[in-house]
Amino acid sequence: MSKTETIATPNQYRSILNLTETEIAIRDIKQYFEKSFSKSLNLMEVSAPLVLSEGTGINDNLNGVERAVSFDALDIKHSQMEIVQSLAKWKRMALKKYGLTNGEGIYTKMNAVRRDEILDNLHSMQVDQWDWEKVISKEQRNQDTLKKEVNKIYATIKATESHIHQLNPMLEPVLPEDIYFTSTLELETMYPQLTPSQREDIITKEHGAVFIMQIGGALRSGQKHDGRSPDYDDWTLNGDIIVWNPFLDRSFEISSMGIRVDEEALLRQLKLANNEERLRLTYHQAILNGDLPYTIGGGIGQSRLCMFLLKKAHIGEVQASVWNTQILKECEENNIPLL
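Residues numbered from 1 in each chain as written. Predicted model: local features only at pLDDT ≥ 70, side-chain atom pairs only at ≥ 80, totals over all residues. Heavy atoms only, no water.

## As for helix 8 (residues 302-309)
- Among the eight residues of helix 8, eight are classified as buried, and the element is accordingly described as predominantly covered.
- Burial in helix 8 covers these residues: Q302, S303, R304, L305, C306, M307, F308 and L309.
- Taken from the residues just after helix 8, K311 is the one with a positive phi, measuring 55°. (Buried < 20%, exposed > 50% of the residue type's maximum accessible area, 1.4 Å probe, protein only. Helix = DSSP H or I, 4+ residues; strand = E, 2+ residues; numbered from the N terminus.)

## Re the pairing of strand 5 (residues 70-73)
- As paired elements, strand 5 and strand 6 (residues 76-83) share four bridges and run antiparallel to each other. The residue of strand 6 that forms the bridge with D72 is Q80. (Pairing = 2+ DSSP bridges.)

## Overview of the state of the cysteines
- Counted by the stated rule, this structure contains zero disulfides.
- C306 takes part in no disulfide bond, and the closest cysteine sulfur, belonging to C331, lies 18 Å away. (Disulfide = S-S within 2.5 Å.)

## Here we look at the sheet that holds strand 7 (residues 105-113)
- Strand order in this open sheet of eight strands is 3-7-8-13-12-11-10-9, and the pairing throughout is mixed. Sheet topology places strand 3 (43-45) and strand 9 (180-183) at the edges, where each strand pairs with a single neighbour. Adjacent strand axes in the sheet meet at a mean angle of 30°, parallel and antiparallel pairs treated alike.
- With nine bridges connecting them, strand 11 (residues 233-245) and strand 12 (residues 250-260) associate as antiparallel partners. When the sheet's bridge partners are listed, G239 is paired in strand 12 with M257.
- Running over the sheet, helix 2 (residues 88-98) touches strand 7, strand 8 (126-135), strand 12 and strand 13 (295-301) and is turned about 35° from strand 8. (Axes fitted to C-alpha atoms, helices over the stretch in contact; angles between N-to-C directions. Contact = heavy atoms within 4.5 Å.)

## Re a nonpolar patch on the surface
- A grouping of L50, V51 and F71 is seen on the molecular surface, where their side chains present a nonpolar patch of about 230 Å² in accessible area.
- The topology assignment puts F71 in strand 5. (Patch = residues over 30% accessible without salt bridge, like charges linked within 9 Å, V, L, I, M, F, W, Y side chains within 5 Å. Areas by Shrake-Rupley, 256 points an atom, 1.4 Å probe, with all protein chains shown as cover. Salt bridge = Lys/Arg side-chain N within 4 Å of Asp/Glu carboxyl O.)

## Focus on the side chain of D28
- Relative to the assigned elements, D28 resides in helix 1 (residues 19-41).
- Look past the residues within four positions of D28 in its chain and what remains in contact with it is H163, I164 and L167.

## A look at the pattern of salt bridges
- Inspection of every chain in the model, using the stated rule, returns 18 salt bridges.
- K134 is the partner of E149 in a salt bridge, and the nearest nitrogen-oxygen pair spans 3.1 Å. Here E149 is found in helix 3 (residues 143-167), whereas its partner K134 is found in strand 8, with 15 residues between them in sequence.
- Connected via shared salt-bridge partners are K91, D131, E133, D233 and R260.

## Side note on the packing of aromatic side chains
- One pass over the structure, following the stated rule, counts six aromatic pairs.
- The interplanar angle of 15° and the centroid separation of 5.3 Å between the aromatic rings of F33 and F37 together place this pair among those described as stacked. You can see F33 and its partner F37 sitting in helix 1, four residues apart, about one turn around the helix.
- Classification of F33 as buried rests on a relative accessible area of 0%. (Phe/Tyr/Trp six-rings, centres within 6.5 Å; stacked < 30°, edge-to-face > 60°.)

## Quick look at the environment of K312
- Here K312 is to be found in the loop between helix 8 and helix 9 (325-333).
- Between the C-alpha atom of K312 and that of S137, which follows or precedes it by 175 residues, the distance is 40 Å.
- Excluding anything up to four places from it in sequence, K312 contacts Y13, S15, L17, T22, F247, L248, M307, E317 and V318.
- At 2.8 Å, the side chain of K312 forms a polar contact with the side chain of T22. (Polar contact = N/O pair within 3.5 Å; in protein donor to acceptor, adjacent residues only side chain to side chain.)

Written out as structure tokens, the structure is:
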């Protein structure tokens, strides 16, 4: 593995599949995973917006600092539009609109633009996910519920890995049978001298696939494992599905998910984040007034999953996007064929 200025590259890299074979395999992965995942979690497909109105609190602001792409529209007066960054909040409102009940959910093929993303092997300005959300009861807002959904998603990832191996025998499976559960606090206790990313690497390399829980709040050290917006996931009931990528010799996040905030978690987390001014927004008022269902949901990276299963060095090998001149130069020099 070599590291250039911007990206990491396997030594003497050669893509296992050529461009045409890659496009066919991307289609096979997406079709198989989507059908299996929606059946396992009891989700119906719905249409998703690309644009949302600014100032409602519905567009996800991720860690709270990323800028949405904003613009005005010719035929909508006195209002700014925003390109979606994610649909974490919109999905919860959609569940109410569709009248779904406990155990029923939705998914959508979400496309977003994140203008402040730092581009590298795994990160693009263009984000494509299977975004999903399911209704649960207040009594189901617990770790057992979270783990059950994680296991369903992981089983589907494993099945998809087996499926693509049958179609392309040169793509050998690498995932372990089961996913290992841990928490950010446990990792900090075990490896206090390491950074959060180093902790993820060491635990994922050991177990092959992990779900790291409780992301967003400060740990005993006073530091956060990673940032999370305070108004969608409950920081005590969320986490990331991370697998070990032997091809890139690093941990590799495929999904972020969690049980969503109830009234108490929303107030607590907005206070901790010094974002209590958001309580005036439409979405936040709906939670406080009990107008939205209790839910669990998340996003599963389409390009991330394809990149991992097809053993690609760069996300641009499975997604057509825009890259800076340095990345284009490094990919050309290291034989990485971008779409």
